[in-house]
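In case you want the letters, here they are:
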Amino acid sequence: MSSETETESLPCVKAAKRSGEEILQRLKERKLLRRYAKITSDDKFIYLPLVRVLTAAELAEIGDIELLTRKIVLLKPRKSVKEILGFKPSYSYEIIGDIAVLTGADREAEAAAVTERSEESELAAMAQAIMDCHKNIKVVTRQTSPVKGEFRRRTMAVIAGTERTETLHTENRCRYKLDLEKVYFNPRLAGERNRVALQVTRSRVDEEIIDMFAGVGSFAIQVAKRNPQSHVTAIEINPDAIRYLKENMKLNGLRNIAVVEGDVRRVYTRFIGTADRLIMNLPKSAYLFMREALSMLNPEGGIVHFYDIESSYSDTGADVGAGADMPQQPPREDEDRKKKSPERAVRLAKEKLIARMQELSEEYSFHSIEILDARKVIAYAPYTYIIGIDAVISP
Ligand SMILES: C[S@@+](CC[C@H](N)C(=O)[O-])C[C@H]1O[C@@H](n2cnc3c(N)ncnc32)[C@H](O)[C@@H]1O
């Protein structure tokens, strides 16, 4: 836990409380929010400490804010897991609710570590270090399989703490109950979910949104909660995810989501021509569902948030998106440094979406696709990325 130490006069942003969350995310995305400095608020405003004074362009971009200098309480940086351990751990970890999940071992660190420590003792030491570092963690578990199968699930082995994989996770003020072994959930997509929810807010119309692969409602809940004027249809094939989705609606006090259990390839017929916006977060194979997507889209057109997995080092990056569950081996370091760049993966994803649209344009009355934005969302494996594309599709 961080503890308060001293104060310092720092540049900070003053924003109305109701837009505080949005402004906070924008500062975080631009790496402008200062770490280890206390965020404070009064009745109407929130004060967000900055790493530096903003430029005029940044001020305009970030929104309705005032720039000022304010005495800010500095927080003591807490020791990292690496500092507690005294060596670079072979595993990385992510936190979901009160569970820490150890994921893929870091190759270089692992190679160096193997000679000195047995894997078991390193796992135990890391679990203890995580619990010392994050006092709210009650379970440390290790991912023992890749995310796989139609339900996109993974297996876990609990290393320390209570023997359970169910937890309650909070993200952007939304609460999600989920079981890490029974359903898909990726906390690294928090920024992406925030981005999509914000786009709905900015569109300022009552939208009908269809989340085609809803899981426990990661996108659906966030979009519906932050946009009570909109209505979300959340389709999902995994019965466990459906159970959590319904519970999460209650946890978040939501009534503007219709939950639909089933294979989108079958249930889409109930929603022909209804959607103003589609969320297609099944990066492994979303492009195979474009027929259903176009069928559900409003005849006047709409926005599609399309996700894809592509590699930056192979012309056949589609292999990863099309079915491989295990990441491909990266090239040797001297092979081609340029291949590390995600731009190639972004290009491949755009080409895939456009080609699929062209294939289907005869069948459906949508002939135009305008890519609003295409970007790397997160790294998926070495040299391989989840790419997000926002596109307007119209007749
Ligand atoms: C990558 S996960 C994304 C879940 C959620 N959108 C999120 O961001 O956490 C994809 C989800 O799609 C579901 N799914 C896979 N194939 C489906 C299909 N044909 N119809 C409906 N849901 C499907 C899986 O069970 C899984 O929960």
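An account of the accompanying structure is given in this report. Every chain begins its residue count from 1, and numbering advances along the sequence as written. Local features in a predicted model are, by the rule used here, given only for residues with pLDDT of at least 70; side-chain atom pairs are given and counted only at 80 or more, and totals for whole chains, interfaces and linings are based on all residues.

### Thoughts on the site of the ligand
Alright, step 1. If you check the shell around the ligand, you find 21 residues, and the closest are Phe213, Gly215, Ser218, Ile237 and Val264.
Alright, step 2. Elements supplying a minimum of two residues to the shell around the ligand: helix 7 (218–226), strand 12 (231–236) and helix 9 (264–267).
Alright, step 3. Charged means Asp, Glu, Lys or Arg here, nonpolar means Ala, Val, Leu, Ile, Met, Phe, Trp, Tyr, Cys or Pro, and polar covers whatever is left, Gly included. Class assignment of the residues belonging to the shell around the ligand gives a composition of 12 nonpolar, 4 polar and 5 charged.
Alright, step 4. Where each domain begins and ends is defined by an automated method or by a domain database. When residues of the shell around the ligand are sorted by domain, at least three fall in each of domain 2 (81–164) and domain 3 (183–325 + 336–394). In this text, near has one meaning. A residue is near a molecule or strand if its C-beta atom, placed using the backbone, is within 6 Å of it. Secondary structure elements follow DSSP: runs of H or I of four or more residues count as helices, runs of E of two or more count as strands, with numbering from the N terminus.

### Re the sheet that holds strand 13 (residues 257–261)
Alright, step 1. Across the sheet, 7 strands lie side by side as 13-12-11-14-15-17-16; this open sheet has mixed pairing. The open sheet has two edge strands with one neighbour each: strand 13 and strand 16 (368–381). Sheet twist, expressed as the mean angle between neighbouring strand axes with direction ignored, is 20°.
Alright, step 2. At least two DSSP bridges between two strands are needed for those strands to be called paired. As paired strands, strand 16 and strand 17 (residues 384–394) are joined by 11 bridges and run antiparallel to one another. Among the inter-strand pairings, Ile369 is bridged to a residue of strand 17, identified as Ile393. An axis is simply a line fitted to the C-alpha atoms; with a helix, the fit covers only the stretch in contact. Between two such axes, the angle follows the N-to-C directions and lies from 0 to 180 degrees.

### A short note on the environment of Glu192
Alright, step 1. You can see Glu192 is positioned in helix 6 (residues 190–203).
Alright, step 2. The exposure class assigned to Glu192 is buried, which follows from the 20 C-beta atoms found within 10 Å.
Alright, step 3. Considered as a pair, Glu192 and Phe219 are 27 residues apart in the sequence and their alpha carbons are 8.9 Å apart.
Alright, step 4. By the criterion used throughout, residues are in contact when their C-beta atoms, derived from the backbone, lie within 7 Å. Leave out the neighbours within four places in its chain, and Glu192 touches Val377 and Gly388. Three classes are used. A residue is buried when 20 or more other C-beta atoms lie within 10 Å of its own, exposed when 12 or fewer do, and partly exposed in between, with C-beta atoms placed from the backbone.

### Considering the pairing of strand 13
Alright, step 1. Summarising the sheet, strand 12 and strand 13 pair through 5 bridges and their orientation is parallel. Of the residues in strand 13, the one forming a bridge with Glu236 is Glu261.
Alright, step 2. We call a crossover right-handed when, viewed with the strands running away from us, the connection from the first strand over the helix to the second turns clockwise. Chirality of the crossover, the property in question, places the unit of strand 12, helix 8 (residues 239–251) and strand 13 among those that are right-handed.

### What about the nonpolar core?
Alright, step 1. For our purposes the nonpolar core covers buried Ala, Val, Leu, Ile, Met, Phe, Trp, Tyr and Cys residues that link as a set through C-beta atoms within 7 Å. Of all hydrophobic cores here, the largest spans 81 residues; its most connected members are Met212, Ala220, Val223, Leu278, Met280, Ala293 and Ile387.
Alright, step 2. In terms of domain composition, this core takes at least three residues from each of domain 2 (81–164) and domain 3 (183–325 + 336–394).
Alright, step 3. Contacts of Leu278, omitting those with residues within four sequence positions, involve Ile210, Met212, Ala293, Met296, Leu297, Gly302, Val304 and His305.
Alright, step 4. If you look at the next biggest cluster of nonpolar residues, it comprises 12 residues, including Ala15, Ile23, Tyr47 and Leu48.

### With respect to the packing of helix 6 against helix 7
Alright, step 1. Closest axis-to-axis distance for the helix 6/helix 7 pair is 9 Å, and the angle between their directions is 35°. The hand of the helix 6/helix 7 crossing is right-handed. Taking contact as the criterion, the partners of Arg193, Val196, Ala197, Val200 and Thr201 in helix 6 are, on helix 7, Ser218, Phe219, Gln222, Val223 and Arg226.
Alright, step 2. For the contact of helix 6 with helix 7, the per-class residue count stands at 5 nonpolar, 3 polar and 2 charged. Each crossing gets its hand from how the near helix is turned against the far one by less than a right angle, where anticlockwise is left-handed and clockwise is right-handed.

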